[in-house]
Amino acid sequence: MNNLNSGGLSVYTKSTGDALIPTPERTDGVIKSHIEKLTSENSSVWTSPEHNRREYVHSFFQYPAMMVPLVQKKIIDIIKQANPQIKNVIDPFMGSATSLVACMQNGLNCFGQDINPLSLLIGETRTGPYYVNAIKKKTIDLLNKIEEDTSNEVVIKFEGFSKWFKPNVAVELSKIVRAIRQEPRLAIRRFYWVNLAETIRLTSNDRTSTFKLHARSKEEIEARNPSPIKQFKVHLVKSCEDLEAYRDLLLEEDQLSKGAYKGTVNLSLQDSSEKIITPENKHNFFDLLVTSPPYGDNKTTVTYGQHSYLPLQWIDLADIDKKANQDFLKTTMEIDSRSLGGKVRRLSTEEIQFLSSKSVTFRSTYLKLLSTTPNRVNKVLAFFKDLFSVIDRLFDVMKPNSYQVWTIGNRNVGGIEIPNNQILKEFITSSGGILVTQVEREILNKRMPKSNNNSALMNFEDILIFRKIG
Ligand SMILES: C[S@@+](CC[C@H](N)C(=O)[O-])C[C@H]1O[C@@H](n2cnc3c(N)ncnc32)[C@H](O)[C@@H]1O
């Protein structure tokens, strides 16, 4: 008999050990009671579990709105214990791939997609291979190459370049780029590119206090004298330690073979509202979904694309993916425009009616906005239309009785709260899912205005667990 018993919660009868048939409803019950038990034992378990911020290679690059790996891992463990048949997982809004690294200890085959090439690069690096010893050896050589490079040539040019990079910063970044390009192994180059991305975030003239591209003041730029080479070295040491720690964790769990993850890792640069990629376009393929979607269109919530714009200018895009090209960098807004809700247009009456039939809360929110903030209606509607399209596609590729874990928060538009959590619930239940359970968590350290700003995000988010009815 499989041991589904954890913390006294089991789909089997306690007194006799006789097996009950583990129906989906019973499995739901086990998940629900296990989560309730953890919440009652420690009310902050989902907000701030005790953890080391560098664990799970979480500090390679400061990607916006990263999930807390340990929170996701606790939930994944509970679902996997309740249903040991789970073999694979998809995150259609992968970001920095937190959900996937949280699943790797459980040996799941990992599938992720995102519209942002920088997300893909971070995911490719966090999920391995973990050639720590080779990287350590090669890094000495890389740093020597950088030191010996006497050229003052700047390798990158784009419109507005001098606004973002001081001349000496550009010269030092160019030396790093030239040295990285000489590294023959792609996996190792990718590791260096991510470290370069974080170096650029910290040494460009862009403010680090916001995700939007926003140059520092003239005085501040003049007074600052960052050295990308020094920064790069410091960050490389830290990243190497973190990579080693995560490799050791996976080794302990017997998840590695010759430094690479034993399971599948399949990451794609892909608009999830257009397609969810599965091997040979299979339907009913995924056992589990763990994700956190954007909470509104990127431009007015979190500008993932703008945040990635400067680092991506310096990275050889072909090293990320064959689909990554300069078109993604046409303007500072390009990636955000391609993202959920980025292409604003007036929805037809039929489209609005369709979405209203899927969610009454969508309908009431639309009517409220129409009467109070009509100029923002199209943006909000475009976002929900795209979000529904992703959900619809997901239901096609998720297996019957598979679980979905969504982390989502609400936001304000013109003083009106947009109940993303409720609309998502209704979209998913009307597509054939049921809500198994949910937990609320406070968002700590959020780098967005908490005040009653027009588009401010809220201070809480929900983790919603659904099952696709089989
Ligand atoms: C909340 S973030 C995910 C953060 C992630 N959970 C982490 O821990 O880093 C949402 C992600 O959705 C991506 N995204 C937005 N629109 C998308 C689309 N249409 N298709 C795929 N990804 C999209 C953004 O680029 C961003 O990386």
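Rules and cut-offs
- Residues numbered from 1 in each chain as written.
- Predicted model: local features only at pLDDT ≥ 70, side-chain atom pairs only at ≥ 80, totals over all residues.
- Helix = DSSP H or I, 4+ residues; strand = E, 2+ residues; numbered from the N terminus.
- Rg over C-alpha atoms; globule rule 2.2 N^0.38 Å.
- Buried ≥ 20, exposed ≤ 12 C-beta atoms within 10 Å, placed from the backbone.
- Contact = placed C-beta atoms within 7 Å.
- Near = placed C-beta within 6 Å.
- Core = buried A, V, L, I, M, F, W, Y, C linked by C-beta atoms within 7 Å.
- Expected span 1.5 Å × (residues − 1).
- Bend = angle between axes of the 7 residues up to and from the residue.
- Pairing = 2+ DSSP bridges.
- pLDDT = per-residue confidence, 0-100.
- Right-handed = clockwise from strand over helix to strand, strands pointing away.
- Axes fitted to C-alpha atoms, helices over the stretch in contact; angles between N-to-C directions.
- Parallel < 35°, antiparallel > 145°, perpendicular 65-115°, else oblique.
- Nonpolar A, V, L, I, M, F, W, Y, C, P; charged D, E, K, R; others polar.

**Examining the overall build of the protein chain**
So, point 1. Helix and strand counts for the protein chain stand at 16 helices and ten strands.
So, point 2. Relative to its length of 470 residues, the protein chain is compact, with a C-alpha radius of gyration of 23 Å against a globular reference of 23 Å.
So, point 3. Across its three principal axes, the protein chain shows a C-alpha extent of roughly 75 × 55 × 45 Å.
So, point 4. Residues classed as buried in the protein chain amount to 45% of the 470 residues present.
So, point 5. Considering only contacts in the protein chain between residues 6 or more positions apart, those separated by 24 or more positions represent 77%.

**So, the site of the ligand**
So, point 1. Around the ligand, the surrounding shell holds 23 residues, and the nearest of these are F93, G95, S96, T98 and S339.
So, point 2. For the shell around the ligand, the elements supplying multiple residues, two or more each, are helix 3 (98-104) and strand 2 (109-114).

**A short note on the nonpolar core**
So, point 1. In terms of nonpolar packing, the biggest core is built from 117 residues, with I79, V89, C103, L196, L289, I315 and F384 touching the most fellow members.
So, point 2. The leading source of residues in this core is helix 15 (residues 377-397), at twelve residues.
So, point 3. Among residues more than four places away in sequence, those in contact with L196 are I176, I180, F232, W314 and I315.

**Thoughts on unusual backbone geometry**
So, point 1. Omega for the bond connecting G128 with P129 falls within 30 degrees of zero, at 10°, which places this linkage in the cis form.
So, point 2. Among the structural elements, P129 can be located in the loop between helix 4 (117-126) and helix 5 (132-148).
So, point 3. The backbone of V57 shows a phi angle near 40°, a positive value even though the residue is not glycine.
So, point 4. For V57, the position within the fold is in the loop between helix 1 (24-41) and helix 2 (69-82).
So, point 5. Given 27 C-beta atoms within 10 Å, V57 falls into the buried group.

**Description of helix 5**
So, point 1. Its 17 residues give helix 5 an end-to-end C-alpha distance of 24 Å, which sits within 8% of 24 Å, the value for a rise of 1.5 Å per residue.
So, point 2. In helix 5, a bend of some 25° at K138 exceeds every other bend along the element.
So, point 3. Of all the positions in helix 5, only I135, T139 and L142 are classed as buried.
So, point 4. Residues of helix 5 that are buried make contact with helix 7 (167-181), helix 8 (186-203) and helix 10 (228-252).

**Regarding the pairing of strand 6 (residues 286-291)**
So, point 1. Most of strand 6 sits inside the fold, with six of its six residues counted as buried.
So, point 2. Pairing analysis gives five bridges linking strand 6 to strand 7 (residues 398-413), with the strands arranged parallel. Across the sheet, T291 pairs through a bridge with W406, a residue of strand 7.

**Points about the environment of F466**
So, point 1. Structurally, the position occupied by F466 is in strand 10 (residues 457-468).
So, point 2. C-alpha separation for the pair F466 and R207, spaced 259 residues apart in sequence, amounts to 39 Å.
So, point 3. Not counting residues within four places of it along the chain, the set of residues in contact with F466 comprises Y403, Q404, I428, G433, I434, L435 and V436.

**Focus on the confidence of the model for the protein chain**
So, point 1. Confidence in the prediction for the protein chain averages 92 pLDDT; 93% of positions are at 70 or higher.
So, point 2. Contacts of residues 1-9 to residues separated by more than four positions or lying in other chains number 18 contacts, the stretch itself having pLDDT below 50.
So, point 3. Note that residues 448-455 has pLDDT below 50 and, in this model, 17 contacts with residues that lie over four places away or in other chains.

**Some thoughts on the pairing of strand 2**
So, point 1. Among the six residues in strand 2, five count as buried, and that is most of the element.
So, point 2. Bridge count between strand 1 (residues 88-91) and strand 2: four bridges; the pairing is parallel. Opposite N88, over in strand 2, you have N109 as the bridge partner.
So, point 3. Once you follow strand 1 into helix 3 and on to strand 2, the crossover reads as right-handed.
So, point 4. Relative to strand 5 (residues 265-269), strand 2 runs parallel, the two being bridged by five bridges. Paired with C110 across the two strands is V265, which belongs to strand 5.

**So, helix 8**
So, point 1. For helix 8, spanning 18 residues, the distance from its first C-alpha to its last is 25 Å, which sits close to the expected 26 Å at 1.5 Å a residue.
So, point 2. Residues R190, F191, Y192, W193, V194, N195, L196, A197, E198, T199, I200 and T203 constitute the buried set of helix 8.
So, point 3. Next to the buried residues of helix 8 lie helix 4, helix 5, helix 7, helix 10 and helix 11 (304-314).

**Topic: the packing of helix 5 against helix 10**
Helix-helix packing is characterised by the crossing angle of the two axes and by the distance between the axes.
So, point 1. Where helix 5 meets helix 10, the axes come as close as 11 Å, and the angle between the chain directions of the two elements is 175°. Here helix 5 is positioned roughly antiparallel relative to helix 10, judged by the angle of their axes. The segment helix 5 lies against helix 10, with V132, I135, K136, T139, L143 and I146 engaging I229, K233, L236, C240, L243, E244 and R247.
So, point 2. Each residue belonging to the contact of helix 5 with helix 10 can be placed in one class, and the counts come to eight nonpolar, one polar and four charged.

**Points about the environment of P293**
So, point 1. Its place among the elements puts P293 in the loop between strand 6 and helix 11.
So, point 2. Between the C-alpha atoms of P293 and M94, which are 199 residues apart in sequence, the distance is 8.5 Å.
So, point 3. Other than its neighbours up to four places away in sequence, P293 contacts F93, L340, L387 and I408.

**Considerations on the environment of G432**
So, point 1. Within the element layout of this structure, G432 appears in the loop between helix 16 (420-430) and strand 9 (433-442).
So, point 2. Apart from residues no more than four positions distant in its own chain, G432 is found in contact with F395, K468 and I469.

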